[in-house]
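# Reading the structure
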Amino acid sequence: MGLNPRRRRPEGSTVLTVALAVLIAGPLIGLPISFIVAPGDFGKFSNFLPEAFAATGILMVGVGMGTLLLGTSLAALVSFCDFPGRSWIEWVLVLPLAMPGYVFTLFALGLDLPNIRSAGGAVVIFTLVLYPYVYLLARSAFLSQSRTLMEAARGLGLSRGAAIVRVGLPLARPAILGGVALALMETLADFGTVNLLGVRTFTDAIYRVWFNAFDREAAMQFATILMSITLLLLLLERLARGRARYHYNASRGDVIPPIRLRGPAAVAAVVLPLLLVGVVLAAPVAQLSVWAVQSIQNHLLAPEFATEARNSLLLSAMSAVLVPLVALALAYGVRTSRSRTAGGAARLATIGYGLPGSVVAVAVIVPLAWLDHRLGDAAGALFGVDLGLIFTGTVIGLFCAYLVRFLALAWGAVESSLARIPAQLDEAARGLGADRIDVIARVHVPLMRTGLITATLLVFTEVMKELPATLLLRPLDGDTLAVGVWQATTESLFQTAALPALLIVLVGLVPVALMIRLSGRRGTELEVAGSWTEAEREAVTA
Amino acid sequence: MSRKRLITLVAVGTAVLVAGFVGVVVATSGSSAGRLVVYTARSHYGEEQPFKDFAKTTDTKLTLFGGEASELYERIRSEGDKTRADLLITVDAANLWRATKAGLLEPVNDPEILKNVPADVRDPGNNWFGLTTRARTIMRSTKRVSPTAATTYEDLGDPRWRDKLCLRSGTSDYNVSFVADRIAKDGGASTEAMLRRWMANDPKIFGSDTDVLDAIKDGECDVGLTNSYYLGRELHADPSFPVAPVWADQNGRGTHVNLSGLGVVKGTKHRAKAIKLIRYLTEPAQQRLFARNNFEFAADANVQAAKEIAQFGSFKRDPIDVRGAGEHLDDALQLMQKVGWD
C-alpha cells in the first residue's frame, strides 16, 4: 500500500496494546511462579490429583459425547427436515442457554431427583444446559451448506439420509467441534454445579486445597495445571480443525430443500424438542416460581435480597460497559499498529476465558493484595491516611477478575466486527476530507453496532451468572444474586434460593430473546446469532 | 452518527461511567464510619433475631458479611492488618482455633462475658467465646430403626447399614471437625478403621444435613449423621417428621459436640462496640433465642433447649477438645480423601 511504511521503532500503539494485554494476562502468566515460591507444597496434595483427573476426565468425555449427539442431531433435524412449527421450534431450542448449570442443579436437588449427586448426574446436567452451543454452531454450518454439493452426492447414488451423514456432517465438522470445545470449556470452568453435586473435579480440588487446607500456593499450582489442560484443549481443537474452513456459502434460494416429515415422525420432531426445553427450562422456571412465591409468603426471602439484586444489576451493567471498552481499545490498538506482536498480545489477553472463576480469582487476588498492602503502607507512612484495601476491599478487584475472565467474549464480538471494515474504507473516507473522529463516527460506529451490542449483552449475562470469582472477591456489601443462590442452596434452603435464581434465569433470557428477534425469520442472515456464537468461538480458538 | 454526536456521546458517556464506577465502588464497599463489621459463618441460618435486636436497641450499624468459616478465615488472613472485620463468627471450633493460632484474634477479658460463657466452651486465652453448642449425632428413621439398633459412631459401620447409611459431603466443616476430633482422641489408625467400615457400607452422600434427614424420611436410607438442630427445624415445620436422634456413645465418651463461637479481630477500631455485641449475644435472654429459633444448645448448658430437641432428653457430651481437633484438621482432610468420603 505504501501509505504506512514499516518503521524500525516500535509504534506507540503497539507498545500501548502490548502493555494493556500483558497487564490483563499478567496474573495468569504469573500462576506458575507458585512452583518456584513454594516448590514443596505441590507434593503435599498430590494425592488429590488422581481423583481430580479421573472426575474431570469422566465429565469431559460424557459432556463431549452428550452435547455432540444432542446438539448435532437437533441441528440436523431443524436444518434438513421440515415439520409443523419448525420455524419457532428451532429458536425455542436456543433458550436453555439462559439456564446456568448451578440453577438447574438447585432445581434437581430441590426435587430430590434420584442419583443426581454423582458424576453421571453432572454429565446429564451439563449436557442439558450446554448443548445449545453445539446446536447453534452446527445449525448455521448446515444452513450455509450448498445445494450443489448435496445434489452431487445424490447424483453419485447416495440416498438423502446418506448424503446428510456422509457429506453434510463432515462439512460441518469444524463448527461442531468448535461447539463441543465451547461446551467443554464451560464444564471445566464450572464450580457451582460440581461442588453442589459433590463431584471432585479439578475446580473442586483447587477450592479444597485453598479453603480447607489454606495452602494458597498449592491452589495456584493446581490452577496452573488446570490452565494447561484448558490451553491443551484449545490446541487440540485447532489441530483437529486444521486449516480447514469449509465455507461454501449458499446464496439465497440455493439452500438444501428440507425433507418433509409426516405422521409419527413429524409428531416426534415437534414433541421431543419441546419436551427437552420443557425439562431444561420450563420445568425449573415453574418450580422456582412456586418456591419463590412460597418464600415470600413464608418470609423465607434472604434479608440481603434487595442488596443482592441491586449489586447484580450494577456489577453486570458496569462490566458490560467496561469490558467491551477495553476490548475496543485493544482492537483499535491492533488495527492501527499493524504489527503481529500487537495481535499476538491481544490474543494473550483473552486466555482468561475458559478458565474457572476460582482460578482467575486466585490469580488476581495475589498481586492485588500485595499491591493493596504496599499502597496502604505507603499512604500511611507518607500522608498518614488510611486507604483501606483499595483493590481487594472494593469491587475494583472484582472488575479486574471479570475483565480477565470475560474479555475474550467482548473481544470476539468487537474485533470481528472491526475486522470486517476494510482499511481502504477508512482511507476512502479520509480521502473525502474526513478526519479520524469522522471516520469513527460515520464509518465505524454504524458498522460495529451489532458487534458492540453483542459484546455488551454477553458480558452482562455472564457477569450476572458468575459465581466463584464473585464469591471469593466480593466486597463487604457486594453480595450478588448468584452468591445468594449459592449460600441458600448449600444449606438446602431451596425456597430462599428460588427468587434470586429465577431472576438470573429471566435476565439471561433477555439477550437470548433479543438475539432470536434480531435474527428474524428462517432464511435471513443470522447476524446476531452468528456474531454471538462466533464471538464465543473466537474467544475459544483465539 | 455525526461527529458532534460522537463527541457529546463520548464526553457524557465518560462522565456517567466515572460517576457510576465511583458510585458502585462506594455503594458495595460497606464503608461508613462507626459500622461494626462481622464476618459470620452463621449467615446461612438466615436473619437471626439477636443481631437485629442489638442493632436496634444500641443504634449500631451492623454489617454481617456471610460465607463459609474457612473462606472468612482466609479473607481475614489475606487482608491482614487492613481488614475491616471487627468480629469473626464461625460455626465450628476448629476455625476459631486456627484463627487464634494465626494471631488473627485479640483476647477480651471482660468479666461479664466470662460470667456468661462457661469455661469449657471458651478459649483459655480468652481469644474466643462459644455462642452455641451443637451435637453431631446419629439420626434414625423412627419407622424402620429401633432406638437401640445403632448407639455408637462405630455402629454406623455395621454391615447391616449397607446402602442404608446417609452422610453429608466430606467437604463439610462439620464432618472435617468431627473426624479431626476422633483422630485427636482415638488416634489416626482407629479413626481410619472406623471410616473405612462406614465407607464399606457405600453411604449415600448429600450436600447438606437437611438433605440427609429428608433422605431418611423418604426411605432412601435408615440412618445418618447430622447436627441435631437441623432435625429441630424439620420437627418445627412438621412435628410428625419420622426421624429421631440417637445420642451416640453414651456408654463411652459421650456424643460429639462442636460449637459456634466468636472472637474480636485483632486491630479492630471498634473494640468497645465489639465487646458490647459479645456481651449481648451471650446474655441468657439472647441465648434462649438462639436455642429457641435455631434449635441449638446455648453455650451455657443450663439454658433450656427448644422443645423440639429437649423432648429427646439430656445426654452425656464428649468434652470439646478444640486444640486437639484444630491440630488434626489437615490429617482429617487427608484421611477423608484417602478413605473416599466424597
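Residues numbered from 1 in each chain as written. Chains lettered and ligands numbered in written order. Predicted model: local features only at pLDDT ≥ 70, side-chain atom pairs only at ≥ 80, totals over all residues.

## Structural notes on the overall build of chain B
Check the secondary structure of chain B and you find 14 helices and 12 strands. For chain B, the spread of C-alpha atoms along the principal axes amounts to about 80 × 60 × 40 Å. When burial is assessed residue by residue, chain B has 51% of its 342 residues classed as buried. Put simply, 78% of the contacts in chain B that link residues at least 6 apart link residues at least 24 apart. (Helix = DSSP H or I, 4+ residues; strand = E, 2+ residues; numbered from the N terminus. Buried ≥ 20, exposed ≤ 12 C-beta atoms within 10 Å, placed from the backbone. Contact = placed C-beta atoms within 7 Å.)

## Concerning the overall build of chain A
A tally of regular secondary structure across chain A gives 23 helices and two strands. Taking the principal axes of its C-alpha atoms as reference, chain A extends roughly 80 × 70 × 45 Å. Burial analysis of chain A (542 residues in total) assigns 53% to the buried set. Considering only contacts within chain A whose residues lie at least 6 apart along the sequence, 84% involve residues at least 24 apart.

## Quick notes on the nonpolar core
With 171 residues, the main nonpolar core has Ile206(A), Ala223(A), Leu407(A), Ala410(A) and Val485(A) as its most contacted residues. Formed by 91 residues, the second largest nonpolar core is a distinct cluster that contains Cys166(B), Ala298(B), Ile309(B) and Val322(B). (Core = buried A, V, L, I, M, F, W, Y, C linked by C-beta atoms within 7 Å.)

## Here's the deal with the packing of helix 14 (residues 305-337) of chain A against helix 21 (residues 481-490) of chain A
All names here are of chain A. At a minimum axis separation of 7 Å, helix 14 and helix 21 run at an interaxial angle of 135°. Classified by the angle between their axes, helix 14 and helix 21 sit oblique to one another. Of the residues in helix 21, those touching helix 14 at Phe-305, Glu-308, Ala-309 and Ser-312 are Leu-481, Val-483 and Gly-484. Here the residues of the contact of helix 14 with helix 21 are counted per class, giving four nonpolar, two polar and one charged. (Axes fitted to C-alpha atoms, helices over the stretch in contact; angles between N-to-C directions. Parallel < 35°, antiparallel > 145°, perpendicular 65-115°, else oblique. Nonpolar A, V, L, I, M, F, W, Y, C, P; charged D, E, K, R; others polar.)

## As for the interface of chain B and chain A
In this complex, chain B contributes 44 residues to the contact, which on the side of chain A involves 44 residues. Secondary structure elements with two or more residues in the side of chain B that touches chain A: helix 1 (3-28), strand 2 (62-66), helix 3 (69-79), strand 7 (204-206), helix 8 (209-217) and helix 14 (329-339) of chain B. Top element by residues in the side of chain B that touches chain A is helix 1 of chain B. It accounts for 10 residues. Looking at the side of chain B that touches chain A residue by residue, the classes come out as 14 nonpolar, 18 polar and 12 charged.

## Some remarks on the packing of helix 19 (residues 436-465) of chain A against helix 1 of chain B
Where helix 19 of chain A meets helix 1 of chain B, the closest approach of the two axes is 8 Å, and the angle between their N-to-C directions is 95°. Viewed along their axes, helix 19 of chain A and helix 1 of chain B adopt a mutual orientation that is roughly perpendicular. On helix 1 of chain B, the residues touching Ile437(A), Asp438(A), Ile440(A), Ala441(A) and Val445(A) of helix 19 of chain A are Arg3(B), Leu6(B) and Ile7(B). For the contact of helix 19 of chain A with helix 1 of chain B, the class distribution of residues is six nonpolar, no polar and two charged.

## Structural notes on the confidence of the model for chain B
Residues and elements named next belong to chain B. On average, residues of chain B score 91 in pLDDT, and 99% of them are at 70 or above. Element-level mean pLDDT values for chain B span from 84 in helix 1 up to 97 in strand 8 (residues 223-227). Interface confidence for the predicted complex, given as ipTM, is 0.83, next to a pTM of 0.85. (pLDDT = per-residue confidence, 0-100.)

## Describing the pairing of strand 2 of chain B
Direction of pairing for strand 1 (residues 36-40) of chain B relative to strand 2 of chain B: parallel, over a ladder of five bridges. Bridge pairing in strand 2 of chain B links Tyr39(B) to Phe65(B). (Pairing = 2+ DSSP bridges.)

## Some remarks on the environment of Arg197(B)
Residues and elements named next belong to chain B. In this fold, Arg-197 is placed in helix 7 (residues 188-200). Since 17 C-beta atoms lie within 10 Å of it, Arg-197 is described here as partly exposed. Placed 67 residues apart in sequence, Arg-197 and Val-264 show a C-alpha to C-alpha distance of 41 Å.

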